[in-house]
Amino acid sequence: MYLKIATLNNSGNVGKTTLCETLLMPRLEDSVIIRVETINYDGSTDTKVSAKEYDVVMKKIDDVDCTIIDIGSSNIEQFLVQMNEYQGSHDLIDYFIIPVTTQDKQQRDSIATIHTLLDMGVEEDRIKSVYNFAEKDVDIERQYSIFLSDKVCKKIAGKNPAIVYNNNIFNLLHKSGLKYSDVYKDDRDFRSLIRNAASPEERQELSNIRAAKMLMNGFNSDLDIAFSNLNLA
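Keep in mind that what you see is a predicted model, and the values were worked out from it rather than measured.

1. Observations regarding the sheet that holds strand β1 (residues 3–7)
The pairing of strands in a sheet happens through backbone hydrogen bonds and is either parallel or antiparallel. Here we have six strands laid out as an open sheet, ordered β2-β3-β1-β4-β5-β6, and parallel in their pairing. Looking at the sheet topology across the chains shown, the edges are occupied by β2 (32–36) and β6 (162–165). Strand-to-strand twist across the sheet, computed as the mean angle between neighbouring axes with direction ignored, equals 25°. Here strand β5 (residues 127–134) pairs with β6 via four bridges, running parallel.

Written out as structure tokens, the structure reads:
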């Protein structure tokens, strides 16, 4: 699949990087994430490209067929300035994905982000929204009422919005010292492994991974629906 996606929001802490790693990358075969960031919030040592190196970003998206551009909040303003200066460069990106959270400020920033893209000439059907960190037991329209009060944003969200619900998987992974990607790819027969474990410590470690895997399976079922509702053709 030949596809170029950018995730962005004027606000930080809306889950852009997590959505890239859990929602998009696993469901887009052979996709690569390009991180446009200069402030290392997460403590990782990943190679990052500054928005000021916009020409480098444009070259990198051509390295592979499917690229996901994860634009950090510290670089979003500069990225949009550069995209405007390189006239027509927004057409190199097929879809712009805006994660929206339940906080009032983040919803207002999400609205502003979408209108900025529209003002730059990005068509409505190339802008997608994802309701992130949603609660399953609270009505969606109530949780995202500020965002939905904007008619354009409501139209972009659509009747079958992409929704990613709160899940304990990340707390469990942190507590167990496990990485999402490692557990996601782990398809071992834990029942047999636990039964044949050589020590209580090995059995406990395997049990922790199995619990994380089971919780992740439920989370991924929700992500499958969210991804389908994004309609990334």
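2. Focus: empty space enclosed by the protein
Inspection of every chain in the model, using the stated rule, returns one cavity of 30 Å³ or more. Tyr54, Val57, Met58, Ile61, Ile69, Phe79, Ser89, Leu92 and Ile93 are the residues that line the largest cavity. Here the element with the most residues in the lining of the largest cavity is helix α2 (residues 54–60); it accounts for three residues. For the lining of the largest cavity, the residue count by class is eight nonpolar, one polar and no charged.

3. Here we look at the pattern of salt bridges
This model, assessed by the stated rule, comprises 10 salt bridges. Asp91 serves as the salt-bridge partner of Arg126, at 3.2 Å between the closest nitrogen and oxygen. Of this pair, Arg126 sits in the loop between α4 (104–119) and β5 while Asp91 sits in the loop between α3 (76–85) and β4 (95–100); the two residues are 35 residues apart in sequence, bridging distant segments of the chain. Two residues, Arg126 and Glu123, come together in a salt bridge whose shortest N-O distance is 2.6 Å. Linked through salt bridges whose partners overlap, the residues forming this network are Glu21, Arg35 and Asp70.

4. Describing the packing of aromatic side chains
Each aromatic ring pair is specified by the distance between its two centres and by the angle formed by the two planes. Counted by the stated rule, this structure contains eight aromatic pairs. Here Tyr131 and Phe147 contribute two aromatic rings whose centre-to-centre distance is 6.2 Å and whose plane-to-plane angle is 90°, an arrangement assigned as edge-to-face. In this pair, Tyr131 sits in strand β5 while Phe147 sits in helix α6 (residues 145–148), placing the two residues 16 residues apart along the sequence. Each member of the pair Tyr131 and Phe147 is classed as buried. Linked through ring pairs, Phe170, Tyr180, Tyr184 and Phe219 together constitute an aromatic cluster. Lying over the aromatic face of Tyr2, Lys4 brings its terminal NZ or CZ to 4.4 Å of the ring centre. The cationic tip of Lys136 hangs over the ring face of Tyr165; the distance from NZ or CZ to the ring centre is 5.2 Å.

5. A word on the pairing of β1
Taking burial as the measure, the five residues of β1 include five buried ones, the bulk of the element. Relative to strand β3 (residues 66–71), β1 runs parallel, the two sharing five bridges. Considered in β3, the bridge of Lys4 is made with Thr67.

Parameters and conventions
- Residues numbered from 1 in each chain as written.
- Predicted model: local features only at pLDDT ≥ 70, side-chain atom pairs only at ≥ 80, totals over all residues.
- Heavy atoms only, no water.
- Pairing = 2+ DSSP bridges.
- Helix = DSSP H or I, 4+ residues; strand = E, 2+ residues; numbered from the N terminus.
- Axes fitted to C-alpha atoms, helices over the stretch in contact; angles between N-to-C directions.
- 1 Å grid on protein atoms, 1.4 Å probe; cavity = no way out; pocket = protein on both sides within 12 Å on 5 of 7 lines; lining within 4 Å.
- Points joined across faces, edges and corners; volume = space filled by probe spheres on them.
- Nonpolar A, V, L, I, M, F, W, Y, C, P; charged D, E, K, R; others polar.
- Salt bridge = Lys/Arg side-chain N within 4 Å of Asp/Glu carboxyl O.
- Phe/Tyr/Trp six-rings, centres within 6.5 Å; stacked < 30°, edge-to-face > 60°.
- Buried < 20%, exposed > 50% of the residue type's maximum accessible area, 1.4 Å probe, protein only.
- Lys NZ or Arg CZ within 6 Å of the ring centre and 35° of its normal.

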